[in-house]
Amino acid sequence: MPKRIVVDTDPGVDDALALILALRSPELKVEAITTVAGNAPVEQVTKNLFTILELLDPKPSPLVAKGAEGPLKKQLITATTIHGEDGLGELFRYRNPDGSPRYPEPKVPPDLPNAVALIFELIDRYPQELTLITLGPLTNLARAILADPQRMRRVREVISMGGAISAPGNITPVAEFNVFTDPNAAQIVFDSGLPLTLVPLDVTRKVQLTKELIDAEIRPLHDRLSQFISDSTARVVEFAPKVEGAEGVILHDPLAVGVAIKPSLIKTHWLHVQVETEGHVTEGMTVADLRLIPEERKKPANLHVAFEVDVERFMSLFLERICRRSS
Ligand SMILES: [Ca+2]
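Parameters at a glance
Residues numbered from 1 in each chain as written. Predicted model: local features only at pLDDT ≥ 70, side-chain atom pairs only at ≥ 80, totals over all residues. Heavy atoms only, no water. 1 Å grid on protein atoms, 1.4 Å probe; cavity = no way out; pocket = protein on both sides within 12 Å on 5 of 7 lines; lining within 4 Å. Points joined across faces, edges and corners; volume = space filled by probe spheres on them. Nonpolar A, V, L, I, M, F, W, Y, C, P; charged D, E, K, R; others polar. Helix = DSSP H or I, 4+ residues; strand = E, 2+ residues; numbered from the N terminus. Expected span 1.5 Å × (residues − 1). Contact = heavy atoms within 4.5 Å. Phe/Tyr/Trp six-rings, centres within 6.5 Å; stacked < 30°, edge-to-face > 60°. Buried < 20%, exposed > 50% of the residue type's maximum accessible area, 1.4 Å probe, protein only. Lys NZ or Arg CZ within 6 Å of the ring centre and 35° of its normal. Donors = N, O, S within 2.8 Å, 3.2 Å for Na, K, Ca; no water. Salt bridge = Lys/Arg side-chain N within 4 Å of Asp/Glu carboxyl O.

How should I be thinking about the layout of surface pockets in this particular structure?
A water-sized probe, rolled over the atoms, reveals where empty space remains. Roughly 360 Å³ of volume is contained in the second largest pocket. Every residue lining the second largest pocket is counted, 24 residues in all, and those nearest its centre are Ile 82, His 83, Asn 170, Phe 177 and Glu 244. Residues of the lining of the second largest pocket, tallied by class, amount to 11 nonpolar, 7 polar and 6 charged.

Got a minute to help me understand helix 13 (residues 311–322) in this structure?
Every α-helical turn comprises 3.6 residues, leaving residues that sit three or four positions apart pointing alike. Compared with an ideal rise of 1.5 Å per residue, which puts 12 residues at 16 Å, helix 13 spans 16 Å between its outermost C-alpha atoms and is within 8% of the ideal. Elements in contact with the buried residues of helix 13: helix 1 (13–23), strand 7 (208–210), helix 10 (211–218), helix 11 (224–244) and helix 12 (252–261).

Whenever I open this one, the packing of aromatic side chains confuses me. Can you help?
How two aromatic rings sit relative to each other is set out by the distance from centre to centre and by the angle between their planes. Considering all chains together, one arrives at 3 aromatic pairs under this definition. Ring geometry for Tyr 103 and Phe 228: centres 6.1 Å apart, planes at 70°, overall edge-to-face. Of this pair, Tyr 103 sits in the loop between helix 3 (80–83) and helix 4 (115–125) while Phe 228 sits in helix 11; the two residues are 125 residues apart in sequence, bridging distant segments of the chain. With respect to class, Tyr 103 is no different from Phe 228; both count as buried. Site record: aromatic cluster; members linked through ring pairs are Tyr 94, Tyr 103 and Phe 228. The ring of Tyr 126 carries Arg 4 above its face, with NZ or CZ at 3.9 Å from the centroid. Taking the ring centre of Phe 180 as reference, the NZ or CZ of Lys 74 above it sits at 3.8 Å.

In this structure, what is going on with the coordination of the calcium ion? I would like to understand it.
Note on metal sites: the ideal angle is 109.5 degrees for four tetrahedral donors, and 90 or 180 degrees for six octahedral donors. Coordination of the calcium ion by the protein is provided by Asp 10 (OD), Asp 15 (OD), Asp 15 (OD), Leu 135 (O) and Asp 253 (OD), with metal-donor distances spanning 2.2 to 2.6 Å. Between consecutive donor residues of the calcium ion, the sequence gaps follow D-x4-D-x119-L-x117-D. One end of the pair, Asp 10, is in the loop between strand 1 (3–9) and helix 1; the other, Leu 135, is in the loop between strand 4 (130–134) and helix 5 (139–147), and 125 residues separate them in sequence. Given a relative accessible area of 0%, Asp 10 falls into the buried group.

I tried to follow the pattern of salt bridges on my own but got confused; where do I start?
Side chains bearing opposite charge may pair, as long as their charged atoms lie close to each other. Under the definition given, this model contains 22 salt bridges. Ionic pairing is found between Asp 57 and Lys 59, a salt bridge with its closest N-O pair at 2.9 Å. Taking the relative accessible area as the measure of exposure, Lys 59 reaches 67% and is therefore exposed. Ionic pairing is found between Arg 321 and Glu 320, a salt bridge with its closest N-O pair at 3.2 Å.

Structure follows, in structure tokens:
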């Protein structure tokens, strides 16, 4: 039976690829997608989600809810330098031959439910069955835990893209973007006792969608989705070497979805991890107790942290699902 999934996301160029992967994988049943401010403000990322859903047209269509407008305590910091002004590679630049926009404004329902309310509704409907995959700042999840910790214990598992354990950060020298954006939320989630697998930069940096792969595997498909992938990733592919020191789009969020599909893609360590919520130079740092001392002298572990990834197996899964021809 497929896993019942809620994806909490801030689309986002790599979020879009993660959603395509999730919605095209028979191992998963995406019950709902909830949005959160992160890569761009929540109104924009919600609009981006509907652009993606209109292209994919999944049947049945997942429920959608809109989440937090900003972090619990901080001002919102977006990632538009990487993801473009619209958070999705500046799709407004593209035109059809007749001059009309290639990506017209999607239809966003005016009365979307609240993300936390929808997560609660689904927990009540499917107790002990839901896997929450978080691809953005952990604000919605922290709000849900603060509002009703008992109910949240009925979540089966959480898989979160976030953090940098032994690897450098990507927004500061030590902090990863999702955790840095809302460190207080991340700390609440890490402390909550929920069964959480963290998919940090240590592994996500190893999986990249290069221009060569896009040109060889995706462009030749010549359908609307492959056009979307090559359009939405073009800006990141161009800036990745200069801005991120990467060879292409780093598949942070798709790897978190990959872990839900095939947990054996990663190897994890069971660790005690805390978030720096105050430091001037270390804010948003995920601090893991990696000391070589007896376990009983450390605080109890709270997270399964991915340290190794089978790059080849993930990339072939990713490309196989992404390149499936769509009508
Ligand atoms: Ca994201």
